[in-house]
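# Report on the structure
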Amino acid sequence: AVVSTQSTGIDGSLNRLPKNFHHNLYSLLNSTSGLDLDGNMIRSFPLIDEMTAGEPQFAINISNWLDKIPQPQLRQLYVETIMILGSLQKMIKNFPDVIELQAILYQAHEIFMHDCAVYDSSKYLCGISQEFYLTPPTGQYGTLNYLAQAIAQLYY
C-alpha cells in the first residue's frame, strides 16, 4: 500500500506523463482559449496553429508549463485532471473559454473531504490536504473518481 499511496508524489517528481497526455491536452486546447494553472496560462493560439500534438516542440512547451508547479504531488494531480478532462471532453458541451484547472482540483478536494469526513487536516500543501495527496489515483475513493465528479459538477 505504501507504493500506491506515494505514487502521486513519485510520478510528479519524475515528471511522468500518461500515454496520450499530449494528444489529450492538444484536443483540449483546440476546444478552448487555454488552460490556467494557478495563474500560469497556456494559450491555445498560436501554439496549436504552429504545432501538432506529436511534435517534440509541443511536448517541450507543455513540459515548461508544467514545470512552473514546484510541488510534484500537485503537478501530478493537474496531469490527472487534464487526462480526465480529455477523456470526458466529448460529453462536455459547455467548456468555459479558459479552463481553470485549480477550480476543478479544489472542487474534487472538497468532495473528497466530505466523503471521507476529513474536516480538520493539520497538513495542507497549496490548499490541498495531505490525505488527498496520499490517495491512490484509482478505486472508489481514488483521486481520478473525485476529479471526474468535480468536472461533472462544474461543467454539466
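Just above sits the structure.
This write-up is about the structure you can find in this document. Not measured: the values here are computed from a predicted model. (Residues numbered from 1 in each chain as written. Predicted model: local features only at pLDDT ≥ 70, side-chain atom pairs only at ≥ 80, totals over all residues. Heavy atoms only, no water.)

## Things to note about the overall build of the protein
Going by this rule: By definition, any uninterrupted DSSP run of H or I lasting at least four residues is a helix, any uninterrupted run of E lasting at least two residues is a strand, and each is numbered from the N terminus. Relative accessibility decides the category of a residue: with a 1.4 Å probe and only protein chains considered, values under 20% of the type maximum give buried, values over 50% give exposed, and everything between is partly exposed. It only takes one pair of heavy atoms within 4.5 Å for two residues to be counted as in contact. Residue exposure ignores everything except the shown protein chains as possible cover, and the areas themselves are Shrake-Rupley values with a 1.4 Å probe.
Tallying secondary structure elements over the protein gives eight helices and five strands in all. Order of helices (α) and strands (β) in the protein, N terminus to C terminus: α-α-β-β-α-α-α-β-α-β-β-α-α. Looking at the protein residue by residue over its 156 residues, the buried ones come to 45%. For the protein, the share of sequence-separated contacts (at least 6 apart) that also reach a separation of at least 24 residues comes to 65%. Total accessible area on the protein is roughly 8,000 Å²; 53% of this is exposed by carbon and sulfur atoms.

## As for the environment of Asp 115
Selection rule: Any pair of nitrogen or oxygen atoms within 3.5 Å is treated as a polar contact; in protein, a donor-acceptor pairing is required on top of that, and neighbouring residues in sequence qualify only through side-chain atoms on both sides.
Within the secondary structure layout, Asp 115 lies in helix H6 (residues 101–115). For the pair Asp 115 and Tyr 146, spaced 31 residues apart in sequence, the C-alpha to C-alpha distance is 9.7 Å. For Asp 115, the side chain forms a polar contact with the side chain of Tyr 146, separated by 3.4 Å.

## A few points about the environment of Tyr 146
The residue Tyr 146 is located in helix H8 (residues 143–155) in this model. Residue Tyr 146 is classed as buried on the basis of its relative accessible area of 0%. Separated by 37 residues in sequence, Tyr 146 and His 109 place their C-alpha atoms 7.3 Å apart. What Tyr 146 contacts, discounting residues up to four positions off in sequence, is Ala 108, Ile 111, Phe 112, Asp 115, Cys 116, Phe 132 and Tyr 141.

## Some words on the packing of aromatic side chains
Under the convention used in this document: We call Phe, Tyr and Trp rings a pair once their centres come within 6.5 Å, taking the six-membered ring for Trp, and we label the pair stacked below 30 degrees between planes, edge-to-face above 60, and tilted otherwise.
Summed over all chains, the structure comprises five aromatic pairs. Summarising the aromatic geometry, the rings of Phe 112 and Phe 132 are spaced 5.1 Å apart at their centres and angled 65 degrees between planes, so their arrangement reads as edge-to-face. Linking Phe 112 in helix H6 with Phe 132 in helix H7 (residues 130–133), this pair joins segments that are 20 residues apart in sequence. Just as Phe 112 is buried, Phe 132 falls in that class too.

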